[in-house]
Amino acid sequence: MKKNWKKYLTSGLVLSASTVLLAACASGGGGASSAAPDESASGSSATEEVKVEGSVKVWIDTEHVETFKGIVADFQTEFPDVEVEIAAGSSADAKTEVSKDPKAAADVFMMPHDQVGQMAQSGLLYPNTKYADEVKANNVDSAIEGASWDGELYGYPYGVESQVLYYNKSTLSEDDVKSWATLTEKGKIGANLGEAGANYVFGPLFMSNDLYLYGETGEDPKGTNFNTEPGVEVLQWIADQKNNPGVIQSNAEALSNLEAGVTDAFLSGPWSKNDVQKALGENMAVAAYPTVDFGNGEVQMKAFLGVKLFAVNQQTEAPLAAMALANYLSNESSQLVEFEKMGVIPSNKALQSNEAVTNDAVAKAVMEMSQTTHSVVMPKIPEMVSFWPAMDAVINDTYKGNIKPADYMTKLDALVTETATISE
């Protein structure tokens, strides 16, 4: 959901108390919480099957609890010696809640991938030691990138999320929306270039022009190279949109403007699907981002890609049971249920070819956007906390004309310096 990827705009929400307890046949169990399960340490030989047992709690986003009750019940059929308690909460606040008291936190929890870096560095996440090969084989590369930190796989992906282009097909054709130039010549697009949140929507313009945010891997604090000529070209493009009659500043009124015909398109994610459907009805259409021209020819406009994950608490007392549960909640069949009931776009490779998924216009557009040619996995480096406000200020002030072209490079130098440190 949208809040997961714009967490910097929101404050933490406290996870609620347990909402349901699903009993199982056995009790007890577990292993060491500070290292990967070791079969030899438990007295098992290399050929013996280690029994998966124990009591674990899982935090599920409130609106997803009902969907996962059935999935957890199926898990317990397969793992009858694991007792699972479901508690409702907010995945966006995983880092905050686990940090408060890791031992009291859930053994397994939903989280957005952009929190992986800081949580891994803080020793809050249990590495995916048992199912890493399976997860890597079954999910798209971008999802694995989002679930990893410093070469180690920590998460269990269950979905991908990206902005797409929603448009009114009664006023714009498929060809019209293929480039920003034709889109804004033939119609009008609502944008938030001059408002808060422009960083999330338009920050990836720099990567569209072959630049890096925190290096090629997104893990190098000093790897941002926006302060170059391609970066200046991006700022000039942003400034030019102020005088583009096809670009309407309409963040708060985006949906009402779309419904009223003031605009014909806007950029948002799968979380807006139902609202856009209500606004446009049968005229709703969805596409991947258009191309843009920064002065050197058309290039693909990129978006940030978010990855939805399950993760395991480093302090769990039942690591084998916790990993088994996280893996099950994110497997192919579970992802299909999440797609059918909650609209979560799967990260599973096989499901991305499933007819039920490919026939969904929003899912199809998100999957196209999940390709490396169309998006960049949002960096999960802790320094991202400094990127958001600094990027917002530069985009907003450039669009409004408060930064003059002669000062673009200076502003980009300051931006790169500021985003290389963690602001307090």
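Structure shown above.
What comes next concerns the included structure. None of these values were measured; they are calculated from a predicted model.

**What about the sheet that holds strand 10 (residues 247-249)?**
Spatially, the 5 strands line up as an open sheet ordered 10-9-11-8-12, and their pairing is mixed. At either margin of the open sheet sits one strand with a lone partner, and together these are strand 10 and strand 12 (284-287). The average undirected angle you get between the axes of adjacent strands in this sheet is 35 degrees. Pairing of strand 9 (residues 189-191) with strand 10, which is carried by 3 bridges, proceeds in the parallel orientation.

**A word on the packing of helix 2 (residues 65-78) against helix 13 (residues 319-329)**
Axes are the key here: two packed helices are described by the angle between their axes and the distance separating the axes. Where helix 2 meets helix 13, the closest approach of the two axes is 10 Å, and the angle between their N-to-C directions is 130 degrees. Compared by their axis directions, helix 2 and helix 13 come out oblique. Helix 13 is crossed by helix 2, and the crossing has right-handed handedness. Between helix 2 and helix 13, the residues in contact are Phe68, Ile71, Val72, Asp74, Phe75 and Glu78 and Ala321, Ala324, Leu325, Tyr328 and Leu329, respectively.

**Considerations on helix 13**
Counting buried positions along helix 13 gives 11 out of 11 residues, so the element sits mostly inside the fold. Those residues of helix 13 not exposed but buried are Pro319, Leu320, Ala321, Ala322, Met323, Ala324, Leu325, Ala326, Asn327, Tyr328 and Leu329.

**With respect to the pattern of salt bridges**
For side chains of opposite charge, pairing can occur when their charged atoms come near one another. As enumerated under the stated definition, the model contains 9 salt bridges in all. Between Glu97 and Lys100 there is a salt bridge, and its shortest N-O distance comes to 3.4 Å. Taken together, the residues span about one helical turn, with Glu97 and Lys100 both in helix 3 (residues 94-100) at a distance of 3 residues. You can call Glu97 buried: its relative accessible area is 9%. Given the relative accessible area of 53%, Lys100 is considered exposed.

**Description of the environment of Met369**
Within the fold, Met369 resides in helix 16 (residues 361-369). As for Met369 and Ala303, which are separated by 66 residues in sequence, their C-alpha atoms are 7.5 Å apart. What Met369 contacts, discounting residues up to four positions off in sequence, is Ser162, Gln163, Val164, Ala288, Tyr289, Ala303, His374 and Ser375.

Cut-offs used in this document
Residues numbered from 1 in each chain as written. Predicted model: local features only at pLDDT ≥ 70, side-chain atom pairs only at ≥ 80, totals over all residues. Heavy atoms only, no water. Pairing = 2+ DSSP bridges. Helix = DSSP H or I, 4+ residues; strand = E, 2+ residues; numbered from the N terminus. Axes fitted to C-alpha atoms, helices over the stretch in contact; angles between N-to-C directions. Parallel < 35°, antiparallel > 145°, perpendicular 65-115°, else oblique. Left-handed = near helix turned anticlockwise from the far one by under 90°. Contact = heavy atoms within 4.5 Å. Buried < 20%, exposed > 50% of the residue type's maximum accessible area, 1.4 Å probe, protein only. Salt bridge = Lys/Arg side-chain N within 4 Å of Asp/Glu carboxyl O.

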